[in-house]
Amino acid sequence: MRNPHHRAGRLRSALLAAVLLAGTALAVGLGVGRPDHAAAATSLKSLADAKGRDIGFALDPGRLSETAYRQIADTEFNLVVAENAMKWDATEPSPGQFTFGQGDAVASYAAGGGKKLYGHTLVWHSQLPNWVSNLPGPDLLQAMRSHITGVAGHYRGKVVAWDVVNEAFADGGSGGRRDSVFQQRIGDRWIEEAFRAARAADPAAKLCINDYSTDGVNAKSTAIWNLVRDFKARGVPIDCVGLQAHLIVGQVPGDLQANLQRFADLGVDVRITELDIRMPTPPSAANLAAQAADYKRVVTACLAVSRCAGVTTWGITDRYSWIPGVFPGQGAALIWDDNYQPKPAYQAVKPLFHELGR
Ligand code: XIL
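Rules used in this analysis
Residues numbered from 1 in each chain as written. Predicted model: local features only at pLDDT ≥ 70, side-chain atom pairs only at ≥ 80, totals over all residues. Heavy atoms only, no water. Helix = DSSP H or I, 4+ residues; strand = E, 2+ residues; numbered from the N terminus. Buried < 20%, exposed > 50% of the residue type's maximum accessible area, 1.4 Å probe, protein only. Contact = heavy atoms within 4.5 Å. Areas by Shrake-Rupley, 256 points an atom, 1.4 Å probe, with all protein chains shown as cover. Expected span 1.5 Å × (residues − 1). pLDDT = per-residue confidence, 0-100. Pairing = 2+ DSSP bridges. Right-handed = clockwise from strand over helix to strand, strands pointing away. Disulfide = S-S within 2.5 Å. Near = heavy atom within 4 Å. Polar contact = N/O pair within 3.5 Å; in protein donor to acceptor, adjacent residues only side chain to side chain. Nonpolar A, V, L, I, M, F, W, Y, C, P; charged D, E, K, R; others polar. Axes fitted to C-alpha atoms, helices over the stretch in contact; angles between N-to-C directions. Parallel < 35°, antiparallel > 145°, perpendicular 65-115°, else oblique. Left-handed = near helix turned anticlockwise from the far one by under 90°. Phe/Tyr/Trp six-rings, centres within 6.5 Å; stacked < 30°, edge-to-face > 60°. Lys NZ or Arg CZ within 6 Å of the ring centre and 35° of its normal. Arc of directions from axis to C-beta.

Trainee: Where do I start with the overall build of the chain in this structure?
Mentor: Looking only at helices and strands, the chain features 15 helices and 10 strands. Here the chain holds 358 residues, and the buried ones make up 50% of them. Looking at the chain alone, contacts between residues at least 24 apart form 76% of all its contacts between residues at least 6 apart. Of the roughly 15,600 Å² of accessible surface on the chain, 55% is carried by carbon and sulfur atoms.

Trainee: In this structure, what is going on with helix 8 (residues 137-154)? I would like to understand it.
Mentor: Think of an α-helix as turning once every 3.6 residues; residues three or four places apart then point the same way. In this model helix 8 runs 25 Å from its N-terminal to its C-terminal C-alpha over 18 residues, within 8% of the 26 Å that 1.5 Å per residue would give. All of the buried residues in helix 8 are Gly 137, Leu 140, Leu 141, Ala 143, Met 144, His 147, Ile 148, Gly 150, Val 151 and Ala 152. Next to the buried residues of helix 8 lie helix 5 (88-91), strand 3 (116-123), helix 7 (130-133), strand 4 (161-166), helix 9 (181-186) and helix 10 (190-201).

Trainee: Please explain the confidence of the model for the chain as it appears in this structure.
Mentor: Atom-level detail of predicted coordinates should not be read off regions where pLDDT is low. For the chain, mean pLDDT is 91; residues scoring 70 or higher make up 88% of the total. In the model, residues 1-40 has pLDDT below 50 throughout and makes 5 contacts with residues more than four positions away in sequence or in other chains.

Trainee: Is there a simple way to explain the pairing of strand 1 (residues 54-59) in this structure?
Mentor: On a regular strand, one side chain projects to one face of the sheet and the next to the other, so that they alternate. Of all the 6 residues making up strand 1, 6 are buried; the element is thus mostly covered by neighbouring parts of the structure. Both faces of strand 1 are covered, namely the face carrying Asp 54, Gly 56 and Ala 58 and the face carrying Ile 55, Phe 57 and Leu 59. Bridge count between strand 1 and strand 9 (residues 308-313): 4 bridges; the pairing is parallel. Counterpart to Asp 54 in the pairing with strand 9 is Gly 310. Bridge analysis of strand 1 against strand 2 (residues 79-82) gives 4 bridges, and the strand direction is parallel. Across the sheet, Gly 56 pairs through a bridge with Leu 79, a residue of strand 2. At this point the chain moves from strand 1, through helix 4 (residues 67-76), to the parallel strand 2, and the crossover so formed is right-handed.

Trainee: Sorry, what's going on with the state of the cysteines here?
Mentor: Think of a disulfide as a covalent bridge from one cysteine sulfur atom to another cysteine sulfur atom. Going through the model one piece at a time under the given rule, you end up with 2 disulfides. Here Cys 208 connects covalently by a disulfide to Cys 240, the sulfurs 2.0 Å from one another. For the disulfide bridge between Cys 208 and Cys 240, the dihedral angle about the S-S bond is near -75°, and by the sign convention the bridge is left-handed. Of the two residues, Cys 208 is situated in strand 5 (residues 206-211) and Cys 240 in strand 6 (residues 240-243); the sequence distance between them amounts to 32 residues. No difference in accessibility class separates Cys 208 from Cys 240, as the two residues are buried. Shown here is the disulfide that connects Cys 302 with Cys 308, its sulfur atoms set 2.1 Å apart. Judged by the torsion about the S-S bond (-100°), the Cys 302/Cys 308 disulfide is left-handed. The exposure class assigned to Cys 302 is buried, which follows from its relative accessible area of 1%. Here the chain pairs its bonded cysteines, counted in sequence order, in the arrangement 1-2, 3-4.

Trainee: Would you explain the environment of Gly 254 in this entry?
Mentor: Mapped onto the elements of the fold, Gly 254 is located in the loop between strand 7 (246-248) and helix 12 (256-264). Spatially, the C-alpha atom of Gly 254 lies 7.3 Å from that of Gly 216, the residues being 38 residues apart in sequence.

Trainee: For this particular structure, what's the right way to read the site of the ligand?
Mentor: Within the structure, the ligand sits among 13 residues, and Glu 83, Lys 87, His 120, Glu 274 and Trp 314 are positioned closest to it. A distance of 3.2 Å is found between a nitrogen atom of the ligand and a side-chain nitrogen or oxygen belonging to Glu 167. Contact with the protein chains hides 79% of the accessible area of the ligand, taken as 410 Å² for the molecule alone. Considering only residue class, the shell around the ligand consists of 3 nonpolar, 6 polar and 4 charged.

Trainee: Help me understand unusual backbone geometry, please; the structure alone is not making it clear to me.
Mentor: Trans is the prevailing form of peptide bonds, just as negative phi is the prevailing case for residues other than glycine. The omega angle of the peptide bond from His 120 to Thr 121 is -5°, so this bond is cis rather than trans. Relative to the assigned elements, Thr 121 resides in strand 3. Following Thr 281, the chain continues into Pro 282 via a peptide bond in cis, with omega recorded as -5°. Its location among the elements puts Pro 282 in the loop between strand 8 (269-280) and helix 13 (285-303). For Gln 127, which is not a glycine, the phi torsion comes out positive at approximately 50°.

Trainee: Would you mind showing me how to read the packing of helix 10 against helix 11 (residues 219-234) here?
Mentor: Each pair of packed helices can be summarised by the angle the axes make with each other and by the distance between the axes. Contact pair helix 10 / helix 11: the axes reach a minimum separation of 12 Å and the direction vectors enclose 55°. In this view, helix 10 runs oblique relative to helix 11, as classed from their interaxial angle. In the crossing of helix 10 with helix 11, the sense of the turn from one axis to the other is right-handed. The segment helix 10 lies against helix 11, with Ile 191, Glu 192, Phe 195 and Arg 196 engaging Leu 227, Phe 231 and Arg 234.

Trainee: What should I look at first to understand the packing of aromatic side chains in this one?
Mentor: The geometry of an aromatic ring pair is captured by the separation of the ring centres together with the interplanar angle, meaning the angle of the planes. All chains considered together, the criterion is met by 11 aromatic pairs. Cluster of aromatic residues (ring-pair linked, three or more members): Phe 57, Phe 77, Trp 336 and Tyr 346. Over the face of the ring belonging to Tyr 320 we find Arg 63, whose NZ or CZ atom lies 3.6 Å from the ring centre. The lysine or arginine in question, Arg 278, covers the ring of Phe 327, its NZ or CZ lying 3.7 Å from the ring centre.

Trainee: So what exactly am I meant to see when it comes to helix 6 (residues 101-112) here?
Mentor: Here helix 6 is 12 residues long and its end C-alpha atoms lie 16 Å apart, about the 16 Å a rise of 1.5 Å per residue gives. Of the positions making up helix 6, those classed as buried are Gly 103, Val 106, Ala 107, Tyr 109 and Ala 110. The buried residues of helix 6 occupy an angular sector of 160° when projected down its axis, which confines them to one face. Turned more than 90 degrees away from the buried face of helix 6, the exposed residues are Gly 101, Ala 111 and Gly 112.

So this is what it looks like as structure tokens:
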């Protein structure tokens, strides 16, 4: 016959185990008492690494001395792009005078942390020094080539890819080129001239064309699609297309994935290069929840396309996002809030890298 005390003892320990288990489940569910190193073990970076995808952020090297900024930068991302430090005004402020101090700070941060470095951007109509805008056509082409040679040459072997040409297409339904100084004074061929110069300067870097409002299938994205198809047919070097994805809450294009796929089908890589999703400030709980669903849509679309190399967000914290300065009354567009607290969007994105993809 069994010892009743023994049985009671077993019952007691089973009960205790159940209570402990329930308590642990509750604590995990609430995120209570989760040590930092456990959070780091399931960072966006570690999950994206495991999937072979990039999770990037736009870095302002001046913020790295801030502990919270640095800690998130170090642990959550496997790719870095300079928010401003590699643009023309930063790298060649006067003719032939190259200044790489800020850009090199970004590059050495990436190298030191074993992160990929993404180059942004070689030719853009904005943040362009006046001396460039004032050049006549033949001199402008020469200046563009020598800028590309100087900058892409300096970072040769260090960047995985360059946004060679940024925002070259017109808004609206025209499907035409933006009326930039490059377009006006060099003509249509300025884009391919830029890509050829970039290939010569850094043969290993993937060469991308990058733009905004090209996230869905529309006249502007179709114009880029036609350019890529033409370049491929004529042997002009091009390897990737960047969709900036500066989006508005509730307005993620329903055909984002189809758009990524149609570029991939041309034989180029695609990326989400500057993701942020803005809303009126201060943010409402409902908009933060909608934003989480939107971030989930964007990351899911990328992961569903095998040639989508990854997603980069245009900054880390809402505190330093470019959005409020350019879209007054809008903001809260990133996945950490003003106080570096992860937002619902962070929680929504994280498991995707775990669950989905190739
Ligand atoms: C923005 C930066 O975030 C700002 O700090 C700067 O003042 C202006 O440029 N598209 C681009 C980026 O390709 O380079 C822009 O970055 C945002 C829009």
